[in-house]
Amino acid sequence: MTDDKHAREHKVIDFFSGRPLSDLAQEKIIRLAPENDGLCMLYTNDSNPERYFAMKILCWGLRWNGDVVGMVPWLNQLVSCPEIQDPVNGCWEGYYDPDIDQVFYDAPMHKVVELETALAYFETHLADEQHALVQEIPDNIGTHAMLLGDDQKTLTLAEVVSWRLDSEGDISAMLVDPEKMQSTPVLPGDDCLYPAQQNPQFRYFFQHHIANQIKNEDPEAMAAIALLLDR
């Protein structure tokens, strides 16, 4: 790429982030590796400044620029842990291994090697067409999607079966469409799955312990939901 061409691309700014498109392209996720050993993300918020909270990591993502980051369902999308910098909802403080009570800040080497090796094997099979399916991984942390009813009062919690990564780096949470379900259990790749983000009633993601509190109508959980829906 010539210097003039690079300069022109650097001047193209993304409307929502205010950052050059060339920078955003470098951060595109191109490969996922499920987290199977219970590693967590640590975060804090302004409501409890002296406490640390742990959230299970769903997977590790390999960016186009070679960086590897932990990823969690956060509010209404899957995001990289270091990007979480919201004083109200939470700020990333590091990764955490609960088995040995250790905090760390870089992706574990075994996940880096796994992702780089997988990319080297599968990169020749990467689809060229826009938004083509690249990879699908199962959800193994009990993520639920909250759907708001047409009356704006009824809440439904739907289990996320899997997550699909496409060739644009977009990651979709896959839910079951009961009308298309032919057999159980529903597995990743089933034809009855559809992206939660395409459902107009979709609002937020919750991990299983919060989802269970909502199902049991825990007062604190319901109060937190009310605050989210008021935004």
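Description of the structure in this document. (Residues numbered from 1 in each chain as written. Predicted model: local features only at pLDDT ≥ 70, side-chain atom pairs only at ≥ 80, totals over all residues. Heavy atoms only, no water.)

Comments concerning the sheet that holds strand β1 (residues 29-34)
Across the sheet, which stays open at both edges, the 4 strands sit in the order β1-β4-β5-β6 with antiparallel pairing between neighbours. Either end of the sheet is taken by a strand with one partner, and the two such strands are β1 and β6 (77-80). Recorded for the sheet is a direction-independent mean angle of 35° between the axes of neighbouring strands. The pairing of β1 with strand β4 (residues 59-63) spans 5 bridges and is antiparallel. Among the inter-strand pairings, L32 is bridged to a residue of β4, identified as G61. Seen against the sheet, helix α3 (residues 109-122) touches β1, β4 and β5 (68-74) and runs at an angle of roughly 125° to β1. (Pairing = 2+ DSSP bridges. Helix = DSSP H or I, 4+ residues; strand = E, 2+ residues; numbered from the N terminus. Axes fitted to C-alpha atoms, helices over the stretch in contact; angles between N-to-C directions. Contact = heavy atoms within 4.5 Å.)

Some thoughts on the pattern of salt bridges
Using the criterion set out here, one finds 3 salt bridges in the structure. E136 serves as the salt-bridge partner of R164, at 2.9 Å between the closest nitrogen and oxygen. Here R164 is found in strand β13 (residues 162-166), whereas its partner E136 is found in strand β10 (residues 133-138), with 28 residues between them in sequence. Of the residues examined, R164 reaches a relative accessible area of 21% and is grouped as partly exposed. (Salt bridge = Lys/Arg side-chain N within 4 Å of Asp/Glu carboxyl O. Buried < 20%, exposed > 50% of the residue type's maximum accessible area, 1.4 Å probe, protein only.)

Observations concerning α3
When the terminal C-alpha atoms of α3 are compared, their 20 Å separation across 14 residues agrees well with the 20 Å that a helix rising 1.5 Å per residue should span. Restricting attention to buried positions, one finds in α3 the residues K111, V112, L115, A118 and L119. Buried residues of α3, seen end-on, are gathered within an arc of 140° and therefore sit on one face of the element. Within α3, the exposed residues directed more than 90 degrees away from the buried face are M109, A120 and Y121. Contacts from the buried residues of α3 go to β1, β4 and β5. (Expected span 1.5 Å × (residues − 1). Arc of directions from axis to C-beta.)

Quick notes on the side chain of S162
Along the chain, S162 falls in strand β13. The buried category is assigned to S162, whose relative accessible area is 0%. Excluding its chain neighbours within four sequence positions, the residues that come into contact with S162 are E136, I137, P138, D139, S172, A173, M174, P188 and L193.

Describing the sheet that holds strand β12 (residues 155-159)
Hydrogen bonds between backbone groups are what pair the strands of a sheet, and the pairing can be parallel or antiparallel. The 3 strands are arranged β12-β11-β16 in an open sheet whose pairing can be described as antiparallel. Either end of the sheet is taken by a strand with one partner, and the two such strands are β12 and β16 (202-206). Between one strand axis and the next, the sheet turns by 30° as a mean value, whatever way the strands run. Here 5 bridges tie strand β11 (residues 144-148) to β12, and the two strands are oriented antiparallel to one another.

Remarks on the packing of aromatic side chains
Across all of its chains, the model carries 9 aromatic pairs by this definition. Consider the rings of Y121 and F122, whose centres lie 4.8 Å apart with planes at 85°: the pair is edge-to-face. According to the relative accessible area criterion, Y121 is exposed, its value standing at 56%. Relative accessible area serves as the criterion here: at 34%, F122 is assigned to the partly exposed category. Three or more aromatic residues joined by ring pairs make a cluster, and in this case those are W60, W92, Y95, F104 and Y105. (Phe/Tyr/Trp six-rings, centres within 6.5 Å; stacked < 30°, edge-to-face > 60°.)

Comments concerning the side chain of Q135
Position of Q135 relative to the elements: it lies in strand β10. Take Q135: its relative accessible area is 10%, and that puts it in the buried class. A polar side-chain atom of Q135 sits 2.7 Å from the main-chain carbonyl oxygen of L32. In contact with Q135, not counting residues within four places along its chain, are R31, L32, W163, R164 and L165. (Polar contact = N/O pair within 3.5 Å; in protein donor to acceptor, adjacent residues only side chain to side chain.)

What about the environment of E27?
Following the sequence through the fold, E27 ends up in the loop between α2 (21-26) and β1. Put simply, E27 and R63 are 36 residues apart on the chain and 5.2 Å apart in space, counted from C-alpha to C-alpha.

Here's the deal with the nonpolar core
Within soluble globular proteins, side chains that are nonpolar tend to cluster in buried spots. Core analysis: the largest hydrophobic core is formed by 44 residues, its most contacted members being M41, W60, V72 and W163. For this core, the element with the highest residue contribution is β5, accounting for 5 residues. The residues touching V72, leaving out its near neighbours within four places in the chain, are M41, M55, K56, I57, L58, Q77, L78, V79, C81 and I84. In terms of nonpolar packing, the next biggest core, distinct from the first, is built from 7 residues, M146, Y204, I214 and I225 among them. (Core = buried A, V, L, I, M, F, W, Y, C linked by side-chain atoms within 4.5 Å.)

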